[in-house]
2 protein chains.
Amino acid sequence: MSDFAQTDQNRVRRRPTRGHYDQETIYGIVDAALICHVGFAHEGVPYVIPTLHARRGDEILLHGSSASRLMNHAAAGHPLCITVTHVDGLVLARAVFNHSVNYRSAVLFGRGRLLADEVEKMAALRDFTERLLPGRWDDVRLPTPTEMKATSIVAVAIDSASAKMRSGPPGDDEEDYSRPTWAGVLPLSVQYGPFQPDPRLAGNIPVPDYLRNLTAGDSP
Amino acid sequence: MSDFAQTDQNRVRRRPTRGHYDQETIYGIVDAALICHVGFAHEGVPYVIPTLHARRGDEILLHGSSASRLMNHAAAGHPLCITVTHVDGLVLARAVFNHSVNYRSAVLFGRGRLLADEVEKMAALRDFTERLLPGRWDDVRLPTPTEMKATSIVAVAIDSASAKMRSGPPGDDEEDYSRPTWAGVLPLSVQYGPFQPDPRLAGNIPVPDYLRNLTAGDSP
């Protein structure tokens, strides 16, 4: 995998040592998240909408109702910003000023194209589903032509991107370390489960293994 | 508390029954989150940046380095979109098309003003800290004049906002309920802890009670 060029758009200005431009780091952050926040501008006003995403190579797949404002805007090829954030912990320092957050974030820029071809669209929907719920596609009713028509899928080619991360203990000023103030990190993580069966579940259908595997390691 | 007027900007178009415009619902979603995603547009290009936030009445407080692009853009009074999202669960339906996410999201629009007055700025920083870490302010070293100068605080007056939420089991098509496919919800929640003391912690300082209280109920 290669690096994204540093430009005025993607350069991490504040605390540049926390910035990363390699695809491995950026895509790792993207792939570990269920949702992203998509930004677009309309008549100078910014809009930020949360949505599910999936990565396919150097593209981010977004899907939604064909009637949604976000999908129509994305499909029209206007510039988009796609941001993914994981909050890993609160960093409690001895000085207010040195408090921080441990996090991993990725900010991606690109433009979308609507997948119009039915075969490509179905393949993308399968990729999307299998990324989020590996094994689910073969266990459920697949989309009808009417459902496909009601669904838009947009592939956003990533033109530029960067990641920014912080980890580890607080960094305090040397003279503050002797203070009798507790300092350290309060980690945050995402917990899955327990599974809640649909009240209308037919009979005693157990939770399949492919869903049980979901409960480890992923994060919204 | 009152309602935000429904306009072209904040109206929930897709699935309007999931839309809410009352401040109680919207502010509840905002207050339960540690971070938001702030969108701004520069030369037609959208930028979406994650950051901590605090609400003070009908304003959202943002803080950051005086040198940051986001803070400078926010301080200049350009239109902002502030979005807060909680992912509460994966909704596993019997049809691909009916899969969904349980979530609570709030989308706020407004413009920022830089807090220039030192007294107002210190008060806002205190509000900010106490919102995120109640009790912390009195336990830490407060900001020096130099640190205050390096910190910008912007108050964003909320002009327009809406919330969108989904909860509960999947909604499948009637003819799909008899399928032998497991359906239901996989809940997601944020777990705090365990506390990680700074390796340079002076002596045997215990985690204070006000920090222990943090571990219940909040969510990034």
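In this text, all values refer to a predicted model and were calculated from it rather than measured experimentally. (Residues numbered from 1 in each chain as written. Chains lettered and ligands numbered in written order. Predicted model: local features only at pLDDT ≥ 70, side-chain atom pairs only at ≥ 80, totals over all residues. Heavy atoms only, no water.)

Chemist: Help me out: how do you make sense of the pattern of salt bridges in this one?
Modeler: Side chains carrying opposite charge are able to pair once their charged atoms draw close together. Residues and elements named next belong to chain A. Within this structure, the stated rule accounts for 27 salt bridges over all chains. Where Arg113 meets Glu120, a salt bridge forms, and the shortest distance between an N and an O atom there is 3.3 Å. Residue Arg113 is classed as partly exposed on the basis of its relative accessible area, which comes to 36%. Using a relative accessible area of 27% as the deciding quantity, one classes Glu120 as partly exposed. Among the ionic contacts, a cluster of salt bridges with common partners joins Arg56, Glu59, Arg113, Glu120 and Asp127. (Salt bridge = Lys/Arg side-chain N within 4 Å of Asp/Glu carboxyl O. Buried < 20%, exposed > 50% of the residue type's maximum accessible area, 1.4 Å probe, protein only.)

Chemist: I tried to follow the side chain of B:His53 on my own but got confused; where do I start?
Modeler: Residue and element names in this part refer to chain B. Mapped onto the fold, His53 is located in the loop between β3 (45-52) and β4 (54-56). Assessed through its relative accessible area of 1%, His53 is described here as buried. A polar contact of 3.5 Å, which involves the side chain of His53, links it to the backbone oxygen of Leu34. At 3.5 Å, the side chain of His53 forms a polar contact with the backbone nitrogen of Cys36. (Helix = DSSP H or I, 4+ residues; strand = E, 2+ residues; numbered from the N terminus. Polar contact = N/O pair within 3.5 Å; in protein donor to acceptor, adjacent residues only side chain to side chain.)

Chemist: Honestly, the interface of chain A and chain B in this entry has me stumped. Any pointers?
Modeler: Size of an interface: often given as the accessible area lost when the parts come together. In this complex, chain A contributes 94 residues to the contact, which on the side of chain B involves 94 residues. Summed over both sides, the interface between chain A and chain B buries roughly 7700 Å², with carbon and sulfur atoms accounting for 64% of that surface. Broken down residue by residue, the surface that chain A buries against chain B is led by A:Val96, A:Arg141 and A:Trp182, which jointly contribute 11%. Our count for the contact surface shared by chain A and chain B stands at eight salt bridges. When the shortest N-O distance is used, the salt bridge between B:Asp173 and A:Arg141 registers 3.4 Å. Where the side of chain A that touches chain B is concerned, the elements lending two or more residues are β2 (35-42), β3 (45-52), β6 (79-92), β7 (100-114), α3 (118-132), α4 (145-150), β9 (184-192) and β10 (196-197) of chain A. It is β9(A) that provides the largest number of residues to the side of chain A that touches chain B, a total of nine residues. Grouping the constituent residues of the side of chain A that touches chain B by class yields 57 nonpolar, 21 polar and 16 charged. The pairing of β9(A) with strand β9 (residues 184-192) of chain B spans five bridges and is antiparallel. When the sheet's bridge partners are listed, A:Val190 is paired in β9(B) with B:Val190. (Contact = heavy atoms within 4.5 Å. Buried area = accessible area lost by both parts, 1.4 Å probe. Nonpolar A, V, L, I, M, F, W, Y, C, P; charged D, E, K, R; others polar. Pairing = 2+ DSSP bridges.)

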